[in-house]
Amino acid sequence: QGLTEMRKLSKTLYPNVRNETFFESCGLGDMITTCLGGRHRATAEAWTRAWKSGAPKTWSQLEVELLSGQKLQGVGTSNEVQEVLRARGWEASYPLFTTVNRIIKNYIPPTSIFTFRDGVILPLPDEDDEELIPTRRTPGQHSRVGSIVSGSAIPAS
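Residues numbered from 1 in each chain as written. Predicted model: local features only at pLDDT ≥ 70, side-chain atom pairs only at ≥ 80, totals over all residues. Heavy atoms only, no water.

S.K.: Sorry if this is basic, but what is going on with the nonpolar core here?
M.R.: Looking at soluble globular proteins, one finds that nonpolar side chains tend to be buried together. In terms of nonpolar packing, the biggest core is built from 10 residues, these being Ala 46, Trp 47, Trp 59, Leu 62, Leu 67, Leu 72, Val 75, Ile 103, Ile 104 and Ile 108. Secondary structure elements with two or more residues in this core: helix H3 (38-53), helix H4 (59-67) and helix H6 (95-104). For this core, the element with the most residues is H4, which contributes 3 residues. Ignoring any residue separated from it by four or fewer positions in sequence, one finds Trp 47 in contact with Lys 57, Trp 59, Leu 62, Ile 103, Ile 104, Asn 106 and Pro 110. Core analysis: the next-biggest nonpolar cluster, separate from the first, contains 6 residues, Leu 13, Trp 90, Tyr 94 and Phe 97 among them. (Core = buried A, V, L, I, M, F, W, Y, C linked by side-chain atoms within 4.5 Å. Buried < 20%, exposed > 50% of the residue type's maximum accessible area, 1.4 Å probe, protein only. Helix = DSSP H or I, 4+ residues; strand = E, 2+ residues; numbered from the N terminus. Contact = heavy atoms within 4.5 Å.)

S.K.: Would you mind going over the pattern of salt bridges with me for this structure?
M.R.: Oppositely charged side chains are able to pair whenever their charged atoms sit close together. In total, this model carries 5 salt bridges according to the counting rule given. Across the pair Arg 41 and Glu 45 runs a salt bridge whose closest N-O atoms are separated by 2.6 Å. Taken together, the residues span about one helical turn, with Arg 41 and Glu 45 both in helix H3 at a distance of 4 residues. Assessed through its relative accessible area of 33%, Glu 45 is described here as partly exposed. In this structure, the salt-bridge partner of Glu 63 is Lys 71, at a minimum N-O distance of 3.2 Å. Overall, Lys 71 belongs to the exposed group, its relative accessible area being 54%. (Salt bridge = Lys/Arg side-chain N within 4 Å of Asp/Glu carboxyl O.)

S.K.: Is there a simple way to explain the side chain of Gln 82 in this structure?
M.R.: Here Gln 82 is to be found in helix H5 (residues 73-88). Classification of Gln 82 as buried rests on a relative accessible area of 0%. The contacts of Gln 82, once residues within four sequence positions are left out, are Glu 91, Phe 97, Thr 98 and Asn 101.

S.K.: It is not clear to me how the packing of H3 against H4 should be interpreted in this structure. Could you clarify?
M.R.: Relative orientation and spacing of two packed helices are given, respectively, by the angle between their axes and the distance between those axes. Orientation of H3 relative to H4, taken along the N-to-C sense of each, is 120 degrees, at an axis distance of 10 Å. In terms of their interaxial angle, H3 and H4 are classed as oblique. As H3 runs across H4, the sense of the crossing is right-handed. Contacts between H3 and H4 pair Arg 39, Ala 42, Thr 43, Ala 44, Ala 46 and Trp 47 from the former with Trp 59, Leu 62, Leu 66 and Leu 67 from the latter. (Axes fitted to C-alpha atoms, helices over the stretch in contact; angles between N-to-C directions. Parallel < 35°, antiparallel > 145°, perpendicular 65-115°, else oblique. Left-handed = near helix turned anticlockwise from the far one by under 90°.)

By themselves, these observations are geometric and do not establish any function.
Here is the structure:
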């Protein structure tokens, strides 16, 4: 499902993206590596264990504890993707992306990943909550999303 949604979003925003790209090391290979090993998986496991224990930790706390302050790209990327999906009304079309973002924001429990299609329709504490969509950047701050939200997609540099 993850690869399907990655491909769909990329092709929607950048119609000239080659399908083969998703099946090369920069697509499927990177996704497998990220999901099965490395700091992202280890941190996600620690986050879930802390949540299950009743003593949840923030992603920032785990970055300090497990990664010596190194930052996770996945949390920020999820927030940026969700900003695009929400602004364009595409959340229901990307149920895995939306459910993952709602999990990392603590709006729904991690167990929602098993029924991710339902994660899109679960009620949120406040649909207008600014925490679901990160605060807009001020001019001069860079985002990998570019101006996709406003409609003029700028390729990532």
